[in-house]
Amino acid sequence: MKKIAALLTLITLAFSCSSDDDNQPNNVPQNVNATFNFSHNWDGISVTSTNFNTIQYINANGEEMSIEKLRHLISNVTFHKSNGETIVIDGYNLIDVTNDSGLVYAPDIDIPTGSYENVSFTFGFNNDDNYNNNYPDLNSASWNVPDMMGGGYHYMQLEGKFINDADVEIGYAYHTIRAVNLTNAPDLLFQDTFFIVDLGAVNVSNNISFNIEMNIAEWFKNPNQWNLNILNNMLMPNFDAQVMMYENGQNAFSLGSISQ
Amino acid sequence: MKNKPFHIIYILCFILSSCSNETTDSYVPYSATPQPIDIPTLFEENIISPVIPTNNPQTVEGIALGKKLFFDPILSADNTQACASCHAPQNAFTDSTRFSIGIDGIAGNRNSMPLFNLAWNYDENFFWDGRVFSLEHQAIEPVTNPVEMHNTWEMVISRLQQSNEYPDLFQAAFGGVTITKELATKAMAQFERTLISANSKFDRFSLGQATLTTEEQNGLNVFMDETKGDCFHCHGNPNNPLWTDNIFHNNGLDATFTDLGLGEISGDPADNGKFKSPSLRNLAFTAPYMHDGRFNTLDEVINHYSEGLQDSPTIDPLMKKVDEGGVHLSPQDKSDLKAFLLSLSDPSFINNPDFQIP
């Protein structure tokens, strides 16, 4: 009878609906999940959708301004090993601060535990991803760039109001795309404006969360002090403005913290 | 033998722990005939799937019931007005008058919204001011609105129950259930989700089946040019063939507001004067234009954006050169823009026999 009981116990265990786990004998998982949390600030002061629609920020050029819309896209999060190997999360995430969506990006991919000399992501799309794919979700979000400007997708849409030099409140639309010179259209000249954001080295030992911050003020600050009186709208076809945005964006992102 | 209870417990545990998906319930709920939405190729290729509530799947019987209800004046207090009275098929399911007149001869204060491609309203905010979530809930309000059908749902349900036809139609659509307003509006929502427009000249152009005129092509360029029309940020583009973002904007119609629009619903002053971007499809059939039907022609609409913008605290940042009234399009650009906009109209939609009065 003891043998029968033991056999039933084994069968019960074998057929139980427990999920497998990847734990190694020493309790260190082989693979973990990575989550990327995006937050936004204005020179250190938190910015969420609840702060929108009120003139309350002062940019480097001294213009008082508000934010009414903020959406931006990141893609190709990459884990870099010291031996040159990379793990690329082949995907993208549209962060929509206006509607509080996409603020947490949890790609469905296993990341092996271990040491990485860098973790990075692309602000916007690289050219291959920008032009060679049709993304229904981004189309549905009207994220497209007109074909007459080369097509592809926006990288960021930042909109709001500012007080101009005549003390009048007017709108701005700070949209970033791949810089395109339309002077000789339909022969278009491009300059890449996507960029890689490096988050630095990390030792991954468990499920890990990266808290990534964007300082919105940086888009107006360094190295180009942005004058909204001159550059406030119709910036998509403005090649020079796009290059300046690209330059200013280099300092906009930082790694706030890591938790695991 | 003394171990027998112990073994029985193990056997029971084994049975309970097995990963079976089988059910022991032999009850089979009523199921009407599925009729999934026929998604146009252009939509399938370019935008995400339509919103179909899991608790209201499209069925042959549900759609038929919804269509009958949509065209039936039984919904109104005096049996004179149906949904179709203000949402006429020949007008792409809007009204040709600025304000629709209710059964008591009272006019509303908004232009009737056209009805098509509603299943692709991903946020599911309906009406010009987004005051109702979901198509099922949208259909509830006009029945009781005092300036529309001015009825009660109790009266409607009573009439439907006493009808010679409706009990069987509800039975066929939803099984042996009591007629309710929820089921009535579910059926109407099913019908409304079949109102799909995707066969305009521009749609055929996008599919490689038609050629645009020089004027239409230039008009598309005006539409997509941020320094000219810049219509695409709110009204879609060839890759978003809904031709709307279904989002709420203040497009510079007024300096002060008599109708707060979204602001009335949200209570947020930052939303004052914002109304939903309508689709630009079927403009040939949907005059007059804007939430209050103030413009009778497309020329007036284009002139508004070109030189008629009115500043206000909530005007959308995408409205340019507001202090000059707009970007001042050339007469040629205006004409071409109009030609392009008309290429988005779909005569096969308004003539679709499936959408006519039964």
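Residues numbered from 1 in each chain as written. Chains lettered and ligands numbered in written order. Predicted model: local features only at pLDDT ≥ 70, side-chain atom pairs only at ≥ 80, totals over all residues.

Right, let's get into the overall build of chain A. Helix and strand counts for chain A come out as four helices and 17 strands. Going through the 260 residues of chain A one by one, you find that 37% of them count as buried. For chain A, contacts bridging at least 24 residues in sequence account for 71% of all contacts bridging at least 6. (Helix = DSSP H or I, 4+ residues; strand = E, 2+ residues; numbered from the N terminus. Buried ≥ 20, exposed ≤ 12 C-beta atoms within 10 Å, placed from the backbone. Contact = placed C-beta atoms within 7 Å.)

Further remarks concern helix H4 (residues 239-249) of chain A. Among the residues of H4(A), those classed as buried are Ala241(A), Gln242(A), Met244(A), Met245(A), Tyr246(A), Asn248(A) and Gly249(A). On the buried face of H4(A), the contacting elements are strand S10 (114-123), strand S12 (169-176), strand S13 (179-181) and strand S15 (195-204) of chain A.

Residues and elements named next belong to chain B. Once the domains are mapped, chain B shows domain 1 (41-196) and domain 2 (201-349). Just the C-alpha atoms count here: the centres of domain 1 and domain 2 sit 26 Å apart. Counting from both sides, the interface comprises 26 residues of domain 1 and, opposite them, 28 residues of domain 2. (Domains from an automatic or database assignment.)

Here we take up helix H14 (residues 298-307) of chain B. Taken together, the buried positions of H14(B) are Val301(B), Ile302(B), His304(B), Tyr305(B) and Ser306(B). On its buried side, H14(B) packs onto helix H15 (331-342) of chain B.

Residues and elements named next belong to chain A. Note that strand S6 (residues 69-80) and strand S7 (residues 86-96) share nine bridges and pair antiparallel. Considered in S7, the bridge of Ile74 is made with Asn93. Between S6 and S7, which pair antiparallel in sequence order, lie five residues; one of them, Gly84, sits at a positive phi of approximately 95°. (Pairing = 2+ DSSP bridges.)

This part is about the nonpolar core. Counting residues in each nonpolar core, the largest one holds 74 residues, and the members touching the most others are Phe116(B), Phe170(B), Ala187(B), Met188(B) and Phe223(B). Looking at this core, the elements that each hand over two or more residues are helix H3 (60-70), helix H7 (153-162), helix H8 (166-174), helix H9 (181-193), helix H11 (214-224), H14, H15 and helix H16 (347-350) of chain B. Residue contributions to this core peak at six residues, all from H9(B). Mapped onto the domain boundaries, this core takes at least three residues apiece from domain 1 (41-196) and domain 2 (201-349) of chain B. Counting 65 residues, the second largest nonpolar core, distinct from the first, contains Tyr57(A), Phe123(A), Trp143(A) and Met319(B). (Core = buried A, V, L, I, M, F, W, Y, C linked by C-beta atoms within 7 Å.)

All right, on to the confidence of the model for chain B then. Reading predicted coordinates in detail is not appropriate for stretches of low pLDDT. All names here are of chain B. Summary statistics for chain B give a mean pLDDT of 93 and a share of 93% for residues scoring 70 or more. Counting contacts from residues 1-6, a segment whose pLDDT is below 50, to residues more than four positions away or on other chains yields two contacts. Low pLDDT (under 50) marks residues 9-24, which in the prediction has 16 contacts with non-local residues, meaning those over four places away or in another chain. (pLDDT = per-residue confidence, 0-100.)

Quick look at the packing of H11(B) against H15(B) now. All names here are of chain B. The contact between H11 and H15 brings their axes to 7 Å, and the two run at 100°. The orientation of H11 relative to H15 falls into the category roughly perpendicular. Across the interface between the two elements, Glu215, Glu216, Asn218, Gly219, Leu220, Val222 and Phe223 of H11 pack against Asp333, Ser335, Asp336, Leu337, Lys338, Ala339, Phe340 and Leu341 of H15. Residue classes in the contact of H11 with H15 are distributed as seven nonpolar, three polar and five charged. (Axes fitted to C-alpha atoms, helices over the stretch in contact; angles between N-to-C directions. Parallel < 35°, antiparallel > 145°, perpendicular 65-115°, else oblique. Nonpolar A, V, L, I, M, F, W, Y, C, P; charged D, E, K, R; others polar.)

In this section: the environment of Asn227(A). Considering the arrangement of structural elements, one finds Asn227(A) in the loop between strand S16 (208-215) and H4. Judged by local crowding, Asn227(A) falls into the partly exposed class, with 15 C-beta atoms found within 10 Å.

With that out of the way, let us pick up the environment of Ala287(B). Residue and element names in this part refer to chain B. Tracing the sequence through the fold places Ala287 in the loop between strand S4 (275-276) and H14. Assessed through the 19 C-beta atoms surrounding it within 10 Å, Ala287 is described here as partly exposed. Along the primary structure Ala287 and Thr97 are separated by 190 residues, whereas in three dimensions their C-alpha atoms are 7.9 Å apart. When sequence neighbours within four positions are dropped, the list of residues in contact with Ala287 reads Asn296 and Thr297.

Residues and elements named next belong to chain B. Interhelical geometry of H3 versus H8 gives an angle of 145° and a closest axis separation of 7 Å. Judged by the twist between their axes, the crossing of H3 over H8 is left-handed. The residues of H8 that touch H3, namely those facing Glu61, Gly62, Leu65 and Lys68, are Leu169, Phe170, Ala172 and Ala173. In terms of residue class, the contact of H3 with H8 is built from five nonpolar, one polar and two charged. (Left-handed = near helix turned anticlockwise from the far one by under 90°.)

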